[in-house]
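Tertiary structure, described
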Amino acid sequence: DLFATLKRSINCPLMLTDCFAEVKVETGTTLELIRKKLIDGVLQAVDAHSLVDLLCSHPDVPVYSGIEDLQYVSYILGVTGVISAIAAIFPEEAWGVLSAFRQKKVDETRDYNDRLVRLWRSINVGVEQEARLRSALSVLGRTFGFAPDPYGNLGVAAAREVADALTGEGFASMTSSV
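Now for a description of the structure that goes with this document. This one's a predicted model, so the numbers in the text were calculated from it and none came from an experiment.

**Describing the nonpolar core**
Within the largest apolar cluster, 39 residues are counted, with the highest numbers of intra-cluster contacts made by Phe3, Ile39, Ile86, Phe90, Ile123 and Leu166. Sorting the residues of this core by element identifies α1 (2-9), α2 (27-35), α3 (48-56), α5 (85-89), α6 (91-102), α7 (106-123), α8 (129-139) and α9 (156-168) as the ones contributing at least two each. Not counting residues within four places of it along the chain, the set of residues in contact with Ile86 comprises Glu68, Gln71, Leu116, Leu119, Trp120 and Ile123.

Written out as C-alpha cells, the structure is:
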C-alpha cells in the first residue's frame, strides 16, 4: 500500500490533497486512509459534496477546504481552515472571512466572502487562470517568479478585466498604472 510505505518512510505529517477533478479521491477511500491512520489531514479542493460527506463523518484529522468560492460555507460546515489560491493572493480578505466567522458577525463574514468570490470569478477563467493570477499579483505590486509560455501571457482586455475587478473591490490605488 502506497500510503503505508509513505507513512513509514517519512517523519512528518502526511496530508491527502484532493485537488484534481480528473483523478478525484472518493470519500470512502479518504475515510479508509484516515481509519488506518495513514494520513494526518485532508485538503478537499475538488468537490463540495465530498467535503460535506467527509465532515459529516467527523474524522479525527484536520480537514481543510480548497474550494475557492466556498470559504464561508466551508467554515459553517466545520473545516479546520482554508488553503487556496485566492486566500494566498488576498490573505487579509481570507483572514477577514475566518475572523468575522469566529466572532459570529454574519454580515461581515458574508461581505468578505462575497468580495473574494467576485475576485475569484474574475481570475478563474479556464486556461487563462494562471496568467490572471499573475496579473492580479502584478497589480497588487507583488513579485513572483518566471512563468513559462503560455502561463505568463495575458491579453490587454483580460488584464483590464482583472484590474477592473480589483478596482471594484477597493484595490483602486494599486491599479492606477494598469
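Picking up after the structure, the text goes on.
**Concerning the packing of α2 against α3**
Remark: α2 packs on α3, axes separated minimally by 10 Å, with the N-to-C direction vectors making an angle of 35°. As α2 runs across α3, the sense of the crossing is right-handed. Taken together, the residues of α3 that come into contact with α2 (itself represented by Thr27, Thr30, Leu31 and Ile34) are Ser50, Asp53 and Leu54. Residue composition of the contact of α2 with α3, grouped by class: three nonpolar, three polar and one charged.

**Description of α2**
Of all the positions in α2, only Thr27, Thr30, Leu33 and Ile34 are classed as buried. Looking straight down α2, one finds that the buried residues subtend no more than 125° of arc, so they occupy a single side. Tucked into the core, α2 has its buried residues touching α1, β1 (15-18), β2 (41-44) and α3. Following α2 by one or two positions, Lys37 adopts a phi angle in the positive range, close to 60°.

**Re the pattern of salt bridges**
All chains considered together, the criterion is met by 15 salt bridges. With its nearest N and O atoms 3.7 Å apart, the salt bridge here joins Lys24 to Asp47. In this pair, Lys24 is assigned in the loop between β1 and α2 and Asp47 in the loop between β2 and α3, connecting sequence segments 23 residues apart. On the accessibility criterion, Lys24 (25% relative accessible area) is partly exposed. With its nearest N and O atoms 3.4 Å apart, the salt bridge here joins Asp60 to Lys37. You can see Asp60 sitting in the loop between α3 and β3 (63-65) and its partner Lys37 sitting in the loop between α2 and β2, a full 23 residues away along the chain. Of the two residues examined, Asp60 and Lys37, each falls in the exposed class.

Parameters at a glance
Residues numbered from 1 in each chain as written. Predicted model: local features only at pLDDT ≥ 70, side-chain atom pairs only at ≥ 80, totals over all residues. Heavy atoms only, no water. Core = buried A, V, L, I, M, F, W, Y, C linked by side-chain atoms within 4.5 Å. Buried < 20%, exposed > 50% of the residue type's maximum accessible area, 1.4 Å probe, protein only. Helix = DSSP H or I, 4+ residues; strand = E, 2+ residues; numbered from the N terminus. Contact = heavy atoms within 4.5 Å. Axes fitted to C-alpha atoms, helices over the stretch in contact; angles between N-to-C directions. Left-handed = near helix turned anticlockwise from the far one by under 90°. Nonpolar A, V, L, I, M, F, W, Y, C, P; charged D, E, K, R; others polar. Arc of directions from axis to C-beta. Salt bridge = Lys/Arg side-chain N within 4 Å of Asp/Glu carboxyl O.

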